[in-house]
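Survey of secondary and tertiary structure
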Amino acid sequence: MPDREEVGAALAGIADPSGGGSVLETGRAGGLRLKDGVAGLVLSVDGLTQDVAERLRAEVEVALRRVPRVTGVRIILTADKAAAPAGVAVAQDSAVPGIRRLVAVASGKGGVGKSTVAANLAVALAKRGLAVGLLDADIYGPSVPTLLGIPGRAQLEDGKLLPMTAHGIKALSIGMMMATDKAVIWRGPMAASAMMQMIEQANWGVLDILVIDLPPGTGDIQLTMAQKLKPSGAVVVSTPQDLALIDARRAIAMFNEVKVPVLGMVENMSTFVCPHCGERSDIFGHGGAAALGEGLGVPFLGAVPLTMTLRLASDAGQPGSAPEFAGIAERVAIGLGL
Ligand SMILES: Nc1ncnc2c1ncn2[C@@H]1O[C@H](COP(=O)(O)OP(=O)(O)OP(=O)(O)O)[C@@H](O)[C@H]1O
Ligand SMILES: [Mg+2]
């Protein structure tokens with residue numbers, strides 16, 4: 001049985017968002033019950049906006065789950081007065097406890113810069129003050145450890161994977177669990193379950209957003225992710241080139257089918273900026289993603305030029321150099337109601 005005192009101590013560490021001390025001191029949390037390892041309590045959300053209330057609920061849940069021998073958590077929310085309406089409540093909360101929004105970064109075609117966009121987007125969202133995680137769902141070709149410059153191995157704590165921290169975000173990748181030169185030969189369903197484990201059997205703590213860097217295409221991993229995790233939105237990355245755009249259209253169609261809202265498209269490698277003379281050339285064309293998006297009713301989130309700086313920064317594990325991601329992150333955050 002979990003210890004009442006330990007549970008109390010966990011709650012004493014959570015501040016009441018309205019001030020006045022911890023949730024225990026202000027009476028916001030009460031009616032604590034411990035039965036068969038399940039910790040139950042009543043949480044009053046009086047005077048809190050929907051967003052703040054949800055964040056508090058997630059914080060309490062995560063704190064209780066960390067208490068030794070707690071196997072389940074039941075929180076009953078009560079409000080005497082109706083909660084104030086949230087700012088822009090468009091997006092659904094995620095199905096994963098403690099994580100408010102899941103965002104999938106996808107493309108139909110490989111090599112268009114999904115991982116680069118996912119890592120830089122995650123860092124740009126964190127710069128907006130949000131608590132952000134980055135999950136590398138590319139089991140066969142993980143690139144997040146390189147993009148964030150994280151060489152080590154992820155640790156286990158109480159049987160749960162601990163995400164690693166870099167550049168102000170948390171991250172997990174299969175590349176943090178095995179040697180990089182080892183071939184990963186897994187069947188589709190196994191790869192999909194490895195991805196699910198990195199979400200469900202990992203201790204992400206409280207996150208505003210978990211960005212999921214998907215492998216290319218519309219296979220097992222993408223479908224499992226979309227159906228089981230029901231992300232709040234998807235970002236589709238494409239180059240302006242026709243071939244990439246045809247595949248982007250497929251990715252958008254898949255998300256429509258599984259009812260995941262497409263937050264918008266990012267046009268990557270949009271314009272090449274010569275590092276020597278600064279001349280701009282549209283190697284893969286320009287404006288194709290915006291045009292496709294317009295045709296399909298999908299918002300345009302922004303264009304990222306093809307630059308030597310971004311390529312070098314990506315290889316060196318230094319995201320955050322390209323200024324274009326600030327605008328993209330702003331539009332994504334708005335799309336998620338954050
Ligand atoms: N805007 C850019 N400017 C310069 N280099 C870029 C840009 N975007 C991506 N790259 C480079 O292109 C290569 C492929 O990018 P990335 O790995 O992000 O693509 P991906 O779509 O995730 O690939 P995969 O389909 O294999 O997962 C990397 O070497 C990356 O550094
Ligand atoms: Mg990738």
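Criteria and thresholds
Residues numbered from 1 in each chain as written. Chains lettered and ligands numbered in written order. Predicted model: local features only at pLDDT ≥ 70, side-chain atom pairs only at ≥ 80, totals over all residues. Pairing = 2+ DSSP bridges. Helix = DSSP H or I, 4+ residues; strand = E, 2+ residues; numbered from the N terminus. Axes fitted to C-alpha atoms, helices over the stretch in contact; angles between N-to-C directions. Domains from an automatic or database assignment. Buried ≥ 20, exposed ≤ 12 C-beta atoms within 10 Å, placed from the backbone. Arc of directions from axis to C-beta. Contact = placed C-beta atoms within 7 Å.

Turning to the sheet that holds strand E3 (residues 72–78), a few remarks are in order. Strands in a sheet are paired, the pairing made by backbone hydrogen bonds, and the direction either parallel or antiparallel. Spatially, the three strands line up as an open sheet ordered E1-E2-E3, and their pairing is mixed. On the outer flanks of this sheet lie strand E1 (29–35) and E3, each paired with one strand and no other. Strand-to-strand twist of the sheet, defined as the mean angle between neighbouring strand axes without regard to direction, takes the value 15°. As judged from the seven bridges shared by strand E2 (residues 38–44) and E3, these two strands associate in the parallel manner. When the sheet's bridge partners are listed, leucine 43 is paired in E3 with leucine 77.

Attention now moves to the domain arrangement of the protein chain. In terms of domain boundaries, the protein chain breaks down into domain 1 (4–78) and domain 2 (99–335). Each of domain 1 and domain 2 has a C-alpha centre, and the two are 33 Å apart.

Attention shifts here to helix H6 (residues 220–229). Regarding H6, the residues found buried are Ile221, Gln222, Met225, Ala226 and Leu229. Taken around the axis of H6, the buried residues stretch over an arc of 125°, which confines them to a single face. Against strand E4 (99–106), helix H5 (188–200), strand E10 (207–213) and helix H7 (242–257) lie the buried residues of H6. In the segment just after H6, lysine 230 is the residue with positive phi, at about 45°.

What follows covers unusual backbone geometry. Across the chain, the bulk of peptide bonds are trans and the bulk of non-glycine residues have phi less than zero. Within the chain, aspartate 158 stands out as a residue other than glycine whose phi angle is a positive 50°. Structurally, aspartate 158 can be placed in the loop between strand E6 (155–157) and strand E7 (160–162). Within the chain, methionine 269 stands out as a residue other than glycine whose phi angle is a positive 55°. Residue placement: methionine 269 occurs in strand E12 (residues 262–273).

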